[in-house]
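One-letter residues, chain by chain:
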Amino acid sequence: MQSLLQQTWQDFDIILMDDCSTDNSRSILEQYRQHPRVKQLVYNTQNSGSPMAQWLKGIALAETEWVYIAESDDTCHPRLFEDLAPRLQQPNLVLALTEVQYINEQHDVILQFPPLGKQQLSGRRFVQQYMLRNCYLCNSGMAIFRKSAVPAAGPWQQALHYSPDYYFWIVLMLKGDVYNNGQVMANFRKH
């Protein structure tokens, strides 16, 4: 949460969501209720059993064309939005992303992938080069995406129990261009 609030580019709203967690998530989220960036707090009364169901619910609530999903184990560089925002003006762009590294609970880097480098490709080309053999886009916190390109909710959510996000990213990418800034600006905490 702090990495979002510390962004140098501040033209965004935050929707905080809790999927009826059994930990103290709700009390943590309540600490941000009055923050001017926080537009909504949404608490489920029953666990959805699917992170993808939460993603789609949050996307539906978003009132902007561009969406960023940060889960509780994600952090990002303070200039992430500032760096990616200029690219979002391109009408054919559906996804802007950054490189990601895995960190532990002490914020030590435990895994970093070879960088792809700064590039913009058609979504089809990006899928062919970076999503077929491996899922390069392995964490939502490394991407900002166009809401109008989001695949419609459907049976795929339940059918793909183990990797609906993989399907989500591929279908989204096939609707336009993908830009990678070639910098490590996202962290995914493994625990």
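The preceding data block contains the structure.
Residues numbered from 1 in each chain as written. Predicted model: local features only at pLDDT ≥ 70, side-chain atom pairs only at ≥ 80, totals over all residues. Heavy atoms only, no water.

**Some words on the overall build of the protein chain**
The condition that has to hold: Only DSSP runs of H or I covering at least 4 residues are called helices, and only runs of E covering at least 2 are called strands; the numbering of each starts at the N terminus. Our radius of gyration looks at C-alpha atoms and nothing else; its globule reference is 2.2 Å times the residue count to the power 0.38. Three exposure classes are used, based on accessible area relative to the maximum for each residue type with a 1.4 Å probe and protein chains only: buried under 20%, partly exposed in between, and exposed over 50%. Contact between two residues is taken to exist if any of their heavy atoms lie within 4.5 Å; hydrogens are not considered. Only the protein chains shown count as covering a residue, and every accessible area follows the Shrake-Rupley method with a 1.4 Å probe.
Broken down by element type, the protein chain carries 7 helices and 9 strands. Against the globule reference of 16 Å for 191 residues, the protein chain gives a C-alpha radius of gyration of 16 Å, in line with a compact fold. Referenced to the eigenvectors of the C-alpha coordinate spread, the extents of the protein chain come out at roughly 45 × 40 × 35 Å. Taken over 191 residues, the protein chain has a buried fraction of 47%. Partitioning the intrachain contacts of the protein chain with sequence separation of at least 6 by distance along the chain shows that 77% fall at a separation of at least 24. Looking at the protein chain as shown, the accessible area adds up to about 10,400 Å², and 50% of this sits on carbon and sulfur atoms.

**Overview of a nonpolar patch on the surface**
Note the threshold: Residues form patches when they are more than 30% accessible in relative terms and have no salt bridge. Like charges link within 9 Å. Nonpolar side chains (Val, Leu, Ile, Met, Phe, Trp, Tyr) link within 5 Å. Counted as salt bridges are all cases of a side-chain nitrogen of Lys or Arg within 4 Å of a carboxyl oxygen of Asp or Glu.
Residues I110, L111 and F113 make up a contiguous nonpolar surface patch of about 240 Å² in total accessible area. Relative to the helices and strands, F113 is located in the loop between β6 (109-112) and β7 (119-122).

**Overview of the state of the cysteines**
Note on terminology: disulfide describes a covalent bond linking the sulfur atoms of two cysteines. How we decide: Cysteine sulfur atoms are paired as a disulfide whenever they come within 2.5 Å of each other.
Here the structure, examined in full by the defined rule, presents 0 disulfides. A disulfide-free cysteine, C135 has its sulfur positioned 6.6 Å from the sulfur of C138, the nearest such atom.

**Examining the environment of L121**
Structurally, the position occupied by L121 is in strand β7. A relative accessible area of 17% places L121 in the buried class. Residues L121 and V178, 57 residues apart in the sequence, show an inter-C-alpha distance of 5.5 Å. Beyond its immediate chain neighbours, meaning those up to four positions away, L121 contacts F126, Q129, Y130, D177 and V178.

**Points about the pattern of salt bridges**
Applying the stated rule across the entire model yields 3 salt bridges. R33 serves as the salt-bridge partner of E30, at 2.7 Å between the closest nitrogen and oxygen. A salt bridge links K39 to E63, with the shortest nitrogen-to-oxygen separation between them at 2.7 Å. Linking K39 in strand β2 (residues 38-43) with E63 in the loop between α3 (51-61) and β3 (66-68), this pair joins segments that are 24 residues apart in sequence.

**Things to note about unusual backbone geometry**
Here C20, not a glycine, exhibits a phi torsion of approximately 55 degrees, which is positive. Assessed through its relative accessible area of 31%, C20 is described here as partly exposed. Not every positive phi belongs to a glycine, and H107 is a case in point at roughly 70 degrees. Along the chain, H107 falls in the loop between β5 (93-103) and β6.

**Notes on the pairing of β2**
Definition in use: Here, strands pair whenever DSSP counts at least two bridges between them. For crossovers, right-handed means that the path from the first strand over the helix to the second runs clockwise, given strands pointing away from the viewer.
Of the strand pairs in this sheet, strand β1 (residues 14-18) and β2 are connected by 5 bridges, and their pairing is parallel. Bridging from a neighbouring strand, L16 pairs with L41 of β2. Viewed along the sheet, the connection from β1 through helix α2 (residues 25-30) into β2 turns out right-handed.

**Some points on the pairing of strand β8 (residues 143-146)**
Side chains A143 and F145 of β8 all project onto a buried face; the interleaved residues I144 and R146 project onto the opposite face, where all are buried too. Bridge count between β3 and β8: 3 bridges; the pairing is antiparallel. What sits directly across from W66, in β8, is R146. As paired elements, β5 and β8 share 3 bridges and run antiparallel to each other. Each residue of the ladder has a partner; that of L97, found in β8, is A143.

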